[in-house]
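Chains, contacts and geometry: an overview
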Amino acid sequence: HIGDLHIERRTHREDKLNQLMRDLRPDVIVFSGDFVNISYTRDPTAAEHIRQVIAEWSAPLGVYCVPGTYTVEPIERVRQFVAGLDNLRLLEDEWVRLETPAGALNILGMVTTHRMAQDRHTVAELARSAPGDGLRLLLTHAPDVAPEADAAGYDLYLCGHTHGGQLRLPLIGALFTGSALGRRFVMGRYDLTRTTVYTVRG
């Protein structure tokens, strides 16, 4: 699970990430959004470097991604980032079913709009169209609808967006997260009634 790269230019950081991914040899890779940094959203060189980085991602069961915050990367921009790259798939409110040696893995890629009523409705509605049995993984950008995902019976909820706190102080921790739920799912693992949530810091 990768999230919140916020690439401006390809640097040793991105090279180190891709080497780590090769070393780990994951069965599946998911990316929870924010490919680009907001001030570079329309920068053509940033887009070229993003495409170079993500074109190297590979896993036997596939690479799946969702868009991040629309003010950072409008969905049409994300479509441009991934266009023509056959190593990954952008999921826009849709399920993909993977058959694994451990059983079926159903991944839902949900677009985060940050409009709470809409996102709450979407996460509940899409739960009803899950493709049969197997583990249900929800991949979305923000942790804001984790309680609704728990109520709907998702098994795993993977997200980012909070960065462990967009504003964070030593000892005190996060002062601001950008999440509608504040610090509730600021980073790391949270076990709810039915759903395990993991918020990556990016």
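Residues numbered from 1 in each chain as written. Predicted model: local features only at pLDDT ≥ 70, side-chain atom pairs only at ≥ 80, totals over all residues. Heavy atoms only, no water.

Taken as a whole and judged by the stated rule, the model has zero disulfides. Of all cysteine sulfurs in the structure, the one in Cys159 sits closest to Cys65, which takes part in no disulfide; the separation is 16 Å. Taking relative accessible area as the criterion, Cys65 reaches 1% and is therefore assigned buried. For Cys159, a relative accessible area of 0% corresponds to the buried category. (Disulfide = S-S within 2.5 Å. Buried < 20%, exposed > 50% of the residue type's maximum accessible area, 1.4 Å probe, protein only.)

On to the layout of surface pockets. In this model, the largest pocket occupies a volume close to 290 Å³. Around the largest pocket, the lining comprises 15 residues; the ones closest to its centre are Gly3, Leu5, Leu17, Val200 and Gly202. Elements represented by at least two residues in the lining of the largest pocket include exactly α1 (12-24) and β11 (196-199). When residues of the lining of the largest pocket are assigned to their parent elements, the largest contribution, three residues, is made by α1. Here the lining of the largest pocket is composed, by residue class, of six nonpolar, five polar and four charged. Lining the second largest pocket we find His1, Val28, Ile29, Val30, Leu105, Leu135, Leu137, Leu156 and Leu158. Its residues assigned to classes, the lining of the second largest pocket shows eight nonpolar, one polar and no charged. (1 Å grid on protein atoms, 1.4 Å probe; cavity = no way out; pocket = protein on both sides within 12 Å on 5 of 7 lines; lining within 4 Å. Points joined across faces, edges and corners; volume = space filled by probe spheres on them. Helix = DSSP H or I, 4+ residues; strand = E, 2+ residues; numbered from the N terminus. Nonpolar A, V, L, I, M, F, W, Y, C, P; charged D, E, K, R; others polar.)

Remember, this is a structural readout, not a statement about activity or role.
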